[in-house]
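# Remarks on the overall topology
The residues making up each chain are set out below.
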Amino acid sequence: MFRLAVKSLGSVSTRRAYSSTSAVSDRIVIAVGGNALQRRGERLTIENMLKAAADMAPTIAKLASEHEVVLTHGNGPQVGELALERSAATFDVLGAESCGQIGYVLAQAMASVGLTAAPIITQVVIDPNSPAFRNPTKFVGPVYGPKEAHALAESLGWTVKPDGEYFRRVVPSPEPLEILQVDAVKALLHHCPSVLPIACGGGGVPVMRIPSRPETLQGVEAVIDKDACGSRLAVALEADAFIILTDGGGIWQDFGKPTAQEMETVSPEYLLGTKAGKNFPGSMGPKIQAAISFVENGKPGCYAAIGDLKDAAKILTREEGTIIRKDVAGKGVVWRDRVKSPEEENKPPKIAKDPPKYG
């Protein structure tokens, strides 16, 4: 079902530029948010993470049975909790710890549905002189009320910013420049097609090269955006598709208003021209930028998609979510035309929920 659906999306080439022993259809990099392992309203515990991962596993396993899949994930809630527990640890170390923790949880969940997963602690080179260090934007950890947030900022030296009606800690989020373990991912795909690689978790562990000795690496106090890193990983792997799964659906115009419309298919030019996602720099904005980057830099015919985790299969058939690709006719956007029942027609317009707080 998925194989036919993906080919119907347009000019996706049936001949691969990469080498693989896999018999499945397309190579897809899937990015899930750190919030996928934390149900709304539940405490962030290993037990709750295992339950959430178990709920997600059949969806990922189904996609992996039809396609060549690489999984990446966020770590916002998890790395923030670790930072609260170990205030002396730097974020490169905390990021590596969270990748091990989440990788274990995901691997255990995938094993329960018959899929072997191989989590890879992935180092990602960044520029230590990036402007991101002057303007931290990446949300980590839990939400706080105004008084508590400012008290923590004063006592611990944090930078805090509004996230909806609450406040959260923010840390620098520089652009990923080089993924050091990408050859390990390629080796798994080529030699072990039945194994699911999990890479670039939490955007990878941020490192810099020492100028006088470029082969020497040093950890950096930052958190790389997982979607930006996932996009770069997808380009490096010559993926056919990059799918970002959230808990908030696709890309909307007038998000949260009675006039809200969801995009079914859209071009990068349209998204850039309308500055889509600019009102949500901590949530949907980075996802849209990552999707655009992949489509503009990936192989011919590639596409990106953004949609809800629970709708993963329907995203590939264009029943849900938003597809981002170059060849969109007309004005560069196709709006989703939903058929409403008579009961729905008489209901007042539904106001969308707040966008996901964790990425």
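Looking at an unreviewed UniProt entry, one finds the protein named Carbamate kinase and attributed to Fistulifera solaris. Annotation of the protein in UniProt includes, under Sequence similarities (unreviewed entry), the sentence "Belongs to the carbamate kinase family."

### Remarks on the pattern of salt bridges
Using the criterion set out here, one finds 14 salt bridges in the structure. Residue Glu97 pairs with Arg86 through a salt bridge whose shortest N-O separation is 2.3 Å. Of this pair, Glu97 sits in helix 4 (residues 91-111) while Arg86 sits in the loop between helix 3 (76-85) and helix 4, placing them eleven residues apart in sequence. On the accessibility criterion, Glu97 (31% relative accessible area) is partly exposed. Note that Arg336 and Glu264 form a salt bridge whose closest N and O atoms lie 3.8 Å from each other. Within this pair, whereas Arg336 is found in the loop between strand 17 (333-335) and helix 11 (342-345), its partner Glu264 is found in strand 14 (residues 261-266), the two being separated by 72 residues in sequence. The buried category is assigned to Glu264, whose relative accessible area is 19%.

### Some remarks on the sheet that holds strand 11 (residues 213-219)
Taken in spatial order, the four strands of this open sheet run 8-4-10-11, and their pairing is mixed. At either end of the open sheet lies a strand with only one pairing partner, and these are strand 8 (178-179) and strand 11. Bridge count for strand 4 (residues 123-125) against strand 10 (residues 205-210) is three bridges, and the pairing is parallel. What sits directly across from Val124, in strand 10, is Pro206.

### Quick look at the nonpolar core
Membership of the largest hydrophobic core comes to 43 residues, with the highest contact counts inside it found for Leu233, Leu271 and Ile324. Broken down by element, this core gets its largest block of residues, seven residues, from helix 9 (residues 284-297). When residues no more than four places from it in sequence are discounted, the contact partners of Leu233 are Val29, Val70, Ile179, Val182, Ala199 and Cys200. In this structure, Ala36, Ala305, Ile315 and Ile323 belong to the second largest nonpolar core, which totals 34 residues.

### Observations regarding the packing of helix 2 (residues 46-66) against helix 4
Interaxial distance between helix 2 and helix 4 falls to 8 Å at its minimum, and their mutual angle equals 50 degrees. Here helix 2 lies oblique to helix 4, going by the angle between them. You can see that helix 2 and helix 4 cross each other, and the crossing is right-handed. Across the interface between the two elements, Ile46, Met49, Leu50, Ala53, Ala54, Met56, Ala57 and Ile60 from helix 2 touch Gln101, Ile102, Val105, Leu106, Gln108, Ala109 and Met110 from helix 4. Across the contact of helix 2 with helix 4, the residue classes tally to 13 nonpolar, two polar and no charged.

### Some details on the pairing of strand 12 (residues 241-246)
The buried fraction of strand 12 amounts to six of the six residues, a majority that puts the element mostly inside the structure. Of the two faces of strand 12, the one carrying Ala241, Ile243 and Leu245 and the one carrying Phe242, Ile244 and Thr246 are both buried. For strand 1 (residues 27-32) and strand 12, the ladder comprises five bridges, and the chain directions are parallel. Bridge pairing in strand 12 places Val29 opposite Phe242. The pairing of strand 12 with strand 15 (residues 303-308) spans six bridges and is classified as parallel. Directly across from Ile243, in strand 15, lies its bridge partner Ala305.

### Overview of the pairing of strand 11
Both strand 10 and strand 11 contribute to a ladder of four bridges, which runs antiparallel. Looking across to strand 11, one finds that Arg209 is bridged to Leu217. Connecting strand 10 to the next strand, strand 11, in antiparallel fashion are two residues.

### Some words on empty space enclosed by the protein
The method is simple in principle: a probe with the dimensions of a water molecule rolls over the atoms, and the space it marks as empty is what remains. Inspection of every chain in the model, using the stated rule, returns three cavities of 30 Å³ or more. Here the largest cavity defines a volume of roughly 50 Å³. With three residues, helix 4 is the largest single contributor of residues to the lining of the largest cavity. Residues that form the lining of the largest cavity fall into these classes: seven nonpolar, five polar and no charged.

### A closer look at the packing of aromatic side chains
Inspection of the entire model under this criterion finds three aromatic pairs. Aromatic pair Phe242 and Phe294: ring centres 6.0 Å apart, planes at 65 degrees, arrangement edge-to-face. Of this pair, Phe242 sits in strand 12 while Phe294 sits in helix 9, and the two are 52 residues apart along the sequence. A relative accessible area of 0% means that Phe294 is categorised as buried. Considering the side-chain rings of Tyr270 and Trp335, the 6.4 Å spacing of their centres and the 85 degrees angle between planes classify their relative orientation as edge-to-face. On the criterion of sequence distance, the pair formed by Tyr270 in helix 8 (residues 268-274) and Trp335 in strand 17 is long-range, its members being 65 residues apart.

Conventions and cut-offs
- Counting restarts for each chain, with residues numbered from 1 along the sequence as it is written.
- In keeping with the model being predicted, local features are shown solely for residues with a pLDDT of at least 70 and side-chain atom pairs are shown and tallied solely at 80 or more, while totals for entire chains, interfaces and linings include all residues.
- As a rule here, side-chain values cover all heavy atoms of the structure and leave hydrogens and water aside.
- UniProt positions are given in the numbering used here, feature names are shortened, and annotations may be inferred rather than shown by experiment.
- Salt bridges are defined by distance alone: a side-chain nitrogen of Lys or Arg within 4 Å of a carboxyl oxygen of Asp or Glu.
- To qualify as a helix, a DSSP run of H or I must reach at least 4 residues; to qualify as a strand, a run of E must reach at least 2; elements of each kind are numbered from the N terminus.
- Note on exposure labels: buried denotes an accessible area under 20% of the residue type's maximum, exposed denotes more than 50%, and partly exposed covers the range between, all computed with a 1.4 Å probe on protein chains only.
- Any two strands between which DSSP finds at least two bridges are classified as paired.
- By nonpolar core we mean a set of buried residues, namely Ala, Val, Leu, Ile, Met, Phe, Trp, Tyr and Cys, connected to one another through side-chain atoms within 4.5 Å.
- The contact definition used throughout considers only heavy atoms, calling two residues in contact when any of these lie within 4.5 Å.
- Axis definition: a line fitted to C-alpha atoms, over the contacting stretch in the case of helices. Angles run 0 to 180 degrees between N-to-C directions.
- Here the angle decides the label: under 35 degrees means roughly parallel, over 145 means roughly antiparallel, 65 to 115 means roughly perpendicular, and every other value means oblique.
- Left-handed is the label given to a crossing in which the near helix is rotated counterclockwise from the far helix by less than a right angle, and right-handed is the label when the rotation is clockwise.
- Nonpolar residues are Ala, Val, Leu, Ile, Met, Phe, Trp, Tyr, Cys and Pro. Charged residues are Asp, Glu, Lys and Arg, and all others, Gly as well, are polar.
- Any residue with an atom within 4 Å of a point lines the site, the site being either a cavity, points on a 1 Å grid over the protein atoms alone where a 1.4 Å probe fits but cannot get out, or a pocket, an open set with protein on both sides within 12 Å along at least 5 of 7 lines.
- Grid points are joined across faces, edges and corners, and a volume is the space filled by probe spheres set on the points.
- Pairing of aromatic side chains requires ring centres within 6.5 Å, counting the rings of Phe and Tyr and the six-membered ring of Trp. Pairs whose planes differ by under 30 degrees are stacked, by over 60 edge-to-face, and all others tilted.

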